[in-house]
There are 2 protein chains.
Amino acid sequence: MSKESQRWVFDFQDLDDAKHAVGGDWDAVRGLLGGKGANLADMAALGIPVPPGFTITTKACNEFASQSNQMPAGLWDQAGSALKNVMSQTGRTFGGADNPLLVAVRSGAKFSMPGMMDTVLNVGMNDVVAEAMVDKTGDARFVFDSYRRLLQMFGAIVLGVDAERFDHVLTSARRAHGVTSDSNLDGDVLREITDEFKKIIATNGSEPFPSDPMDQLQLSIEAVFKSWHSRRARDYRDASGIPHDLGTAVNVVAMVFGNTGPTSGTGVAMSRDGTTGEPHLEGDYLMNAQGEDVVAGNRPTKPISELADDAPECARDLLATAKQLEAHYGDMQDIEFTIENGRLWLLQTRDGKRTAQAAVRIAVDLANEGRISRQEAVRRITPEQIDFFLHPQFSGDEITRRPVLAYGLNVSPGAAVGVVAFDPDLAQRWAAEGRPVVLVRQETKPDDVHGMLAAVGILTSSGGRTSHAALVARQFGKPAVTGASDLDIDLANRCVTIRNITIAEGDWLSLDGTTGRIYAGQVPTVDPDLDNDSLATLLDWADDIRTLGVRANADDPIEAARARRHGAEGIGLCRTEHMFFGSERLPIVQQMITAPTLAEQREAIDLLLPMQREDFTGLFEAMDGLPVIIRLLDPPLHEFLPSWTDLHRTITDLQLRLVRAGDLQAVESLITELHETSAMLARVEALSESNPMLGLRGVRLGLQLPDLTRMQVRAVTEAAVGVIRAGGKPKPEIMVPLVSHHNELAKQRLIIEEVAAEVMAESHVDVPLQIGTMIEVPRAALTCEQIAEFADFVSFGTNDLTQTTFAISRDDAESAFLLDYLNDGLLDQNPFASIDDDGVGQLMRLALAGARRAKPGIESGVCGEHGGDPASISLCHEMGLDYVSCSAYRVPVARLAAAHAQIQTTQTTV
Amino acid sequence: MSKESQRWVFDFQDLDDAKHAVGGDWDAVRGLLGGKGANLADMAALGIPVPPGFTITTKACNEFASQSNQMPAGLWDQAGSALKNVMSQTGRTFGGADNPLLVAVRSGAKFSMPGMMDTVLNVGMNDVVAEAMVDKTGDARFVFDSYRRLLQMFGAIVLGVDAERFDHVLTSARRAHGVTSDSNLDGDVLREITDEFKKIIATNGSEPFPSDPMDQLQLSIEAVFKSWHSRRARDYRDASGIPHDLGTAVNVVAMVFGNTGPTSGTGVAMSRDGTTGEPHLEGDYLMNAQGEDVVAGNRPTKPISELADDAPECARDLLATAKQLEAHYGDMQDIEFTIENGRLWLLQTRDGKRTAQAAVRIAVDLANEGRISRQEAVRRITPEQIDFFLHPQFSGDEITRRPVLAYGLNVSPGAAVGVVAFDPDLAQRWAAEGRPVVLVRQETKPDDVHGMLAAVGILTSSGGRTSHAALVARQFGKPAVTGASDLDIDLANRCVTIRNITIAEGDWLSLDGTTGRIYAGQVPTVDPDLDNDSLATLLDWADDIRTLGVRANADDPIEAARARRHGAEGIGLCRTEHMFFGSERLPIVQQMITAPTLAEQREAIDLLLPMQREDFTGLFEAMDGLPVIIRLLDPPLHEFLPSWTDLHRTITDLQLRLVRAGDLQAVESLITELHETSAMLARVEALSESNPMLGLRGVRLGLQLPDLTRMQVRAVTEAAVGVIRAGGKPKPEIMVPLVSHHNELAKQRLIIEEVAAEVMAESHVDVPLQIGTMIEVPRAALTCEQIAEFADFVSFGTNDLTQTTFAISRDDAESAFLLDYLNDGLLDQNPFASIDDDGVGQLMRLALAGARRAKPGIESGVCGEHGGDPASISLCHEMGLDYVSCSAYRVPVARLAAAHAQIQTTQTTV
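Cut-offs used in this document
Numbering of residues begins from 1 in every chain and follows the order in which that chain's sequence is written. Throughout, the order in which chains and ligands are written sets their labels, letters from A for the former and numbers from 1 for the latter. In keeping with the predicted nature of the model, local features appear solely for residues at pLDDT of at least 70, side-chain atom pairs appear and are counted solely at 80 or more, and the whole-chain, interface and lining totals rest on all residues. Just so you know, side-chain values use all the structure's heavy atoms and leave hydrogens and water out. Here a helix means four or more residues in a row that DSSP labels H or I, a strand means two or more in a row labelled E, and each is numbered from the N terminus. Any two residues having at least one pair of non-hydrogen atoms within 4.5 Å are treated as being in contact. Buried area: the accessible surface (1.4 Å probe) lost by two parts on joining, summed over both. For salt bridges, the criterion is a side-chain nitrogen of Lys or Arg within 4 Å of an Asp or Glu carboxyl oxygen. All amino acids are sorted into three groups, where Ala, Val, Leu, Ile, Met, Phe, Trp, Tyr, Cys and Pro are nonpolar, Asp, Glu, Lys and Arg are charged, and the leftover types, Gly among them, are polar. Here the copies were fitted onto each other by least squares, based on C-alpha atoms from residues at pLDDT of at least 70 in both. When DSSP locates at least two bridges between a pair of strands, those strands are taken to pair. Each axis is a line fitted through C-alpha atoms, and for a helix only the stretch in contact is used; angles between axes span 0 to 180 degrees, taken between their N-to-C directions. In this scheme Phe, Tyr and Trp rings, the latter by its six-membered ring, pair at centre separations within 6.5 Å, and the angle between planes marks the pair as stacked below 30 degrees, edge-to-face above 60, and tilted otherwise. Only protein chains enter the calculation, and the probe is 1.4 Å; a residue is then buried if its accessible area is under 20% of its type maximum, exposed if over 50%, and partly exposed in between. Cation placement over rings: the criterion is NZ of Lys or CZ of Arg within 6 Å of the ring centroid and within 35° of the ring normal. Orientation categories follow fixed angle ranges, with anything under 35 degrees roughly parallel, anything over 145 roughly antiparallel, 65 to 115 roughly perpendicular, and all other angles oblique. By definition, turning the near helix anticlockwise from the far helix through less than a right angle yields a left-handed crossing, and turning it clockwise yields a right-handed one. Here, expected helix span is obtained from the residue count minus one, scaled by 1.5 Å. By arc we mean the arc of the directions from the helix axis to the C-beta atoms, nothing more. Whenever two N or O atoms come within 3.5 Å, that pair is a polar contact, provided that in protein one can donate a hydrogen and the other can accept it, and provided that, for residues adjacent in sequence, both atoms are side-chain atoms.

Caption draft 1: Quick peek at the environment of Val120(A). All names here are of chain A. Looking at the secondary structure, you find Val-120 in strand β6 (residues 119-123). Expressed as a C-alpha distance, the spacing of Val-120 and Val-224, which sit 104 residues apart in the sequence, is 8.6 Å. Contact partners of Val-120, with chain neighbours within four places excluded, come to Val-103, Ala-104, Val-105, Leu-150, Met-153, Phe-154, Ile-157, Val-158 and Ser-220.

Printed below as a string of structure tokens:
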């Protein structure tokens, strides 16, 4: 087909043609017509009342851009035909004075990008048409309200006039006439405003306002095309992972008017509650208004439940239509509607945005209602949504004591604590510096999205539940409170005043998106509540699907118990060094390290034995019947001693005091202290290393201090003996860290086996002990076949493995250059967040292949932080690891991500 | 064949039988009969006069050990038959009083282990035999000299008597009779000494001296078998890489006597000079003596050149035989001979030990004489021998000024500077602590070998060129001086006095094994002299053989010129940071690092440009026509600043002085200084990293300071332009360090190309610039296919690659645990000395495969310290690298090792 004859335009009635054009695939139809256009055509086919109209395809948008913003050949002819068709369906004439047709020109991309692209309403209006409409309707208020809206939108969007110039005129007019709402301005005033708007455009616009309706239409279509490439749209797509080459469709729709009087109105509705997921219609509407009034939030909206009073028949129709659409699409729908003189029109339907809680509730309900499968319910929930459940909430106790600074709408749940920033650029900059930021705005605009994404929480003084701020916050899981009208934001002085309390930019603020409450300062947060029935159900379904095990990294019984509640199937990593930092233990540990003789060292080690035994007993009890992997002491010893710098400062201080000291007794005491500090300093210096990450730690330490290894193994085995005697079923697994050569493991294993055998012989109790190793050094991965000969299991320590594979010290790099790398696009992802497939992943695959050659079926897992990262979990599933281990809070996320990985595998292999 | 019928014994006449028994292979014959036994049989077959005798095989030795030191069945019968055969050949009777046969029982393993195992002479002597011999010869002196030697050796070796007891008797006798040599004691005295020796054995021996000659023979054979397993023999084998399961053969040889009077004598000779390699007979002899007298050094020997006076006919025969043997074996021979009443007997021949210089000279001469191929000449020289040429020598100027403390024999060349230790255990301990040690002994014994190996140099007050000390020192390339008779060693007071100067244990001493001179204190050493014709010839031949290129790591023109003289084919690594430490540069570098503004930083960088340009110009001139790889700045910046510790100490000091300061001016000046120091400290702290090895360095730095990269690239390109204009042919290659992701290289490459293009455009000169990268991070190796897309060449930085592959910081580990690992056998080799094949080698192979997929034939090399290590060079050759790069001094070693690798490949593939 030559370009001339390509079909750029589809009437809403032409769904079958569109399907045929793309081979029948619904996703392709959405790609061609955009989500809005496809659904309008779909609704028309379902017999749902949508205004007549047509869609210009996304291909036309791309063609337009590729031809330096020239309309593709043939488009205008096809649009003209389609417009004629609309005229014949409506019985009105576009540009005609007699029975004029006005149209809306709406953007509509494949994926919803709320507010990101442009829409022009009431296209087709001019002075002649306006007067004819007044003559016909006798409603000058309505006509000039419509006209001024066209001028306002067309001026701002098509002709580049600053929108505030129009707002200023309206504000003055409202003030002059003592009304609060534009709809209360009368026809004469609106006519004057129309004239003023025309003057503003003549003075400030890139060209005068075109009175020819066809010119209006063409320029509006072009403006929508161009808006696809606007910075805010690009930013949004970058943040949402939407490709830039999709283009937007343009929908030209016959106008229906919600502002023709008291029996007209407009609104948005969700087929289920977008915040809680409860199965009832939810939304906002305004009588005698056009759609933008609802979204912009400059008139207080009414809850959808009240529509039954204002327009009972329409309310019934709306509910029925919502149910029909939900059944048709198998998901909760977000609907735009207009009531024109008592008649309901659907302007749009799409899958509704929702909070994480709502998403889970809706998915589970839909599955239980039989509308979708359980697997589909699991598939629909993202790991980020599960993660949201795990966000900390404010402590209940603390909140009851704290004064509430202000209330707003609880539009996106979760607690956020950050410093106040009043503009998105500052928010972004501070966030990049690592400061948590709460973005505070009167209302947010699409241009603010980069700051919203950077912020931990969003607070606006105006705007409703469906305001831009609320939509974006919910979509990206940011806690948000909107419409907190007590806020008086003073941008000039960079502060906000709330009932006499002034908070400056940079001050701390806490907000609770779950309750809509705002607090001054930093409110402490507490463990999240996971007791959500829908979530529990969904995660059970995920468990049924997944094949990858999920364990937790936990170092004490409380954490272990929490992990088990969250669904962990064992402990994948207990870091025994965490047990050494307790206040009653650290002095003993230091005694062990600084002991001048082996005997004294052994004495200190012996003191640690009962403590460690108790630790392990608690872990085995909490994880009874499940495997518990205990890693032998890993970090360099100097981590347990005071820092070199502190000791040095103390010595300097003592020396200065000595110089100034008056009496002999003070001198003596200072000298004693100096001696002791110097002795500790000497030990710290002896243990100091240029690169501790690559130094004396892990198995190297275990081999140098075999008594310490013996003590830990004894504690593990004795604890297991105790639990077995008490009727429990401990499954201890001892893990040797930082092995780089199989001989290290072989030698350490001998010690472990010897001590374990001793304890079993002493107690006459048989402990099912497994001995394995971490693979966290490139050489261990490369020689895993040799290492596996001495290992019952292997566990990838992907944090350390990433550090050595990249030669990047995480401590240093994330401040020094890694963030630059991510910002500059040198790295696609932070390799400490998601496993680097090309490098670290390759090593893991080499290691697994080697280990399996040595021992087919050897148990393998991941115990780095990557164990809680969905992309990494997917990789681990692909590699056929047995489990991932992550922090207790990430366990539910990992359960879901593991199920997703399995679904993905099934889908790609089927 | 059953064990009973196994053949344990071969007569010297039975060479063909022995060859047949092992399938004809000469190496296997040596394995069966030992080197000495095989050569004795071989000489017999050549018609060279060797005393009749037979060899008990090495298999018998192993069988003896495996049967708990029981003679293998059948051995004794076979030995009896062989002994009968010797009796019939000599016409004498073993144990017979009439015409008694005495035999020597000599050890003889496959590989020569001089002095390590036991020998018993004059076996078959007893009171009856002695008296009969006196009757027959009338020479009581000779007979009882022989008898007392048997008692002495048998007592010490077989019966475990302390050898010093016998020495003491001899010393007293010499003193009592006013003679200096045992051979001057008369028959009666020796008869008394014989009696005394028998009493000593009766009192101190494990059993009485057996008068039955057959008992003597059996016990002597068993003693030789046992000596294979002695500690000193094991130590020697460990040090020489000789397997422990070879066993020793035992040669039972009819005694011929060099001590029957003035027409008898004994000596050792080398067919060429073992020290210089000159083609003349060299050696020592004594008339009227037995062989041990020559080796032990307790009588001054005569140089072999004087034998023509003492025994002209024998001297002629000896020279002819030496030439015959050299021609037969194709190598310089070390011969033991005895003259019995004017008749020459060969007791042994073997390939002669030689110094490194002699080895090279001999190999080249033999090749030039057509006796061996050039390839064989190259093959015979070890890298260690080449290395020896490269050992530093004492500075000529310095030596002419220094007083010589003492002179000795220059038995093993090279300069040694160390602290004096008087016993081998102390020498070993100090060496382990990292102190260079000179072992000072009256003479060395096989028990001293561990201390000799640990020492950097060996000095003895007695002993000749063929003394134990001299042999061992030459073999292991230790500088040594022997027979420095002015030394008066006082073991009780742990000091040595040399003409009134007393040197205590632990004091510094310098010795020159090339000249035999000894100096007090530490004499400065200078560059070795490589102007050796034979070496140059040999290395030329090596160059003809090798396929692997050899470049040098050099950072300045002088080093580059030296490297080129040593045969380097370019510079494989110029570390530009070394250029930054010059005294006039460091302040500018520090200014660059601490500059508060970008402009000031750029100013400092601009100051460095002309200096760097000059550096590179010098390199290009020195390596004209050869590639010069210049690595961009690599180390973390803080390395150029004062240390944290020093700054902190300065501040403490300033604070203390401030507290004590008197006048205002002093206070002000101290405060200013404090401010400046604190500012520097702040910068140092800001740059400090927990793990600098894994931190902000290499390309990370280059990307963060692009102006620095630009300056370096400009300096390289401008230098090349200058050299081209002067008629030179520079081949600059710029190398980007520490790349772990291809995007880093891609981005850095853009900058390099941009600047190079600028300079070329400005100068209208085309510079053939190559841009490549180091592979020194595991991820770079793993993703080398991606990286090679942006690299014209790759060079393995195996030092860093080893650190990250093992997760071992070299700085820390070699003191902390790596040495323990090597001592405990956890690691076979230090991976920083030889490339770890399993881990690092695997990564290199993965990287090469990837790089070659991306760019077949891409240039690759190694520029770590491993580039000078023979084992690593062999590995690099196998991998098909294009070149190795090492320090200038290692270049000749690398040339030889590369030739060896090629010879090895040819031999294994043919």
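Caption draft 2: Region of interest: the interface of chain A and chain B. Taken together, the contacts link 55 residues of chain A with 55 residues of chain B. In this assembly, chain A packs against chain B so that about 4800 Å² is buried in total across both faces, 58% of it on carbon and sulfur atoms. Applying the counting rule to chain A against chain B returns 5 salt bridges. Among the ionic pairs, Lys747(B) bridges to Asp824(A), the shortest N-O distance being 3.5 Å. Looking at which element gives the most residues to the side of chain A that touches chain B, the answer is helix α25 (residues 644-660) of chain A, with 9 residues. Tallied by class, residues from the side of chain A that touches chain B come to 22 nonpolar, 19 polar and 14 charged.

Caption draft 3: The arrangement of the relation of the copies chain A and chain B in detail. Once turned by 179° and shifted 0.3 Å along the axis, chain A lies on chain B with an RMSD of 0.3 Å. Such values leave the two copies arranged in the relation of a two-fold axis. Nearest to the rotation axis, the C-alpha of Asn691(A) is located 2.1 Å from it, this being the minimum over chain A. Most of the interface of chain A is mirrored in chain B, where 100% of its interface residues again form contacts.

Caption draft 4: Fine view of the sheet that holds strand β7 (residues 248-254) of chain A. Residue and element names in this part refer to chain A. Spatial strand order, β1-β2-β7-β5-β6: 5 strands in an open sheet with antiparallel pairing. Each having just a single partner strand, β1 (9-11) and β6 make up the two edges of the open sheet. Going from strand to strand, the sheet's axes swing by 20° on average, the running direction of each strand aside. Inspection of the sheet shows β1 paired to strand β2 (residues 53-56) by 3 bridges, in the antiparallel sense. When the sheet's bridge partners are listed, Val-9 is paired in β2 with Ile-56.

Caption draft 5: Main features of the packing of aromatic side chains. Residue and element names in this part refer to chain A. Counting across every chain of the model gives 19 aromatic pairs over all chains. With centroids separated by 6.4 Å and ring planes inclined at 55°, the aromatic side chains of Tyr-147 and Phe-209 adopt a geometry described as tilted. Of this pair, Tyr-147 sits in helix α6 (residues 140-158) while Phe-209 sits in the loop between α8 (187-204) and α9 (213-227); the two residues are 62 residues apart in sequence, bridging distant segments of the chain. Taking relative accessible area as the criterion, Tyr-147 reaches 2% and is therefore assigned buried. Positioned above the aromatic ring of Trp-430 is the side chain of Arg-435, whose terminal nitrogen or guanidinium carbon lies 4.3 Å from the ring centre.

Caption draft 6: Structural view of the packing of α25(A) against helix α25 (residues 644-660) of chain B. Where α25(A) meets α25(B), the closest approach of the two axes is 10 Å, and the angle between their N-to-C directions is 15°. When the axes of α25(A) and α25(B) are compared, the pair comes out roughly parallel. Between α25(A) and α25(B) the crossing geometry is right-handed. Residues Trp644(A), Thr645(A), His648(A), Arg649(A), Thr652(A), Gln655(A), Leu656(A), Val659(A) and Arg660(A) of α25(A) lie in contact with α25(B), whose contacting residues are Trp644(B), Thr645(B), His648(B), Arg649(B), Thr652(B), Gln655(B), Leu656(B), Val659(B) and Arg660(B). For the contact of α25(A) with α25(B), the per-class residue count stands at 6 nonpolar, 8 polar and 4 charged.

Caption draft 7: The sheet that holds strand β5 (residues 103-109) of chain B, seen in detail. Residue and element names in this part refer to chain B. The antiparallel open sheet is built from 5 strands, whose spatial order is β1-β2-β7-β5-β6. Only two strands of the sheet have a single partner each, and these edge strands are β1 (9-11) and β6 (119-123). Strand after strand, the sheet turns through a mean of 20° between neighbouring axes, direction not considered.

Caption draft 8: Fine view of helix α3 (residues 58-66) of chain A. Where α3(A) is concerned, the buried positions are Thr58(A), Ala60(A), Cys61(A), Glu63(A) and Phe64(A). Remark: Ser68(A) follows α3(A) within two positions and exhibits a positive phi of approximately 50°.

Caption draft 9: Structural detail: helix α8 (residues 187-204) of chain B. All names here are of chain B. Over its 18 residues, α8 runs 25 Å from end to end, which matches the ideal 26 Å to within 8%, given 1.5 Å per residue. Taken residue by residue, α8 has Gly-187, Val-189, Leu-190, Ile-193, Thr-194, Phe-197, Ile-200 and Ile-201 as its buried positions. Each buried residue of α8 lies within a common arc of 145° when the element is viewed along its axis, so the set occupies one face. Summarising the geometry of α8, the exposed residues directed more than 90 degrees from the buried face are Asp-188, Glu-192, Lys-199, Ala-202 and Thr-203. Residues of α8 that are buried in the fold lie against α6 (140-158) and α7 (163-177). One side-chain oxygen of the residue at the start of α8 lies 3.2 Å from the amide nitrogen of Asp-188, identifying that residue as Asp-186.

Keep in mind these numbers describe shape, not what the thing actually does.
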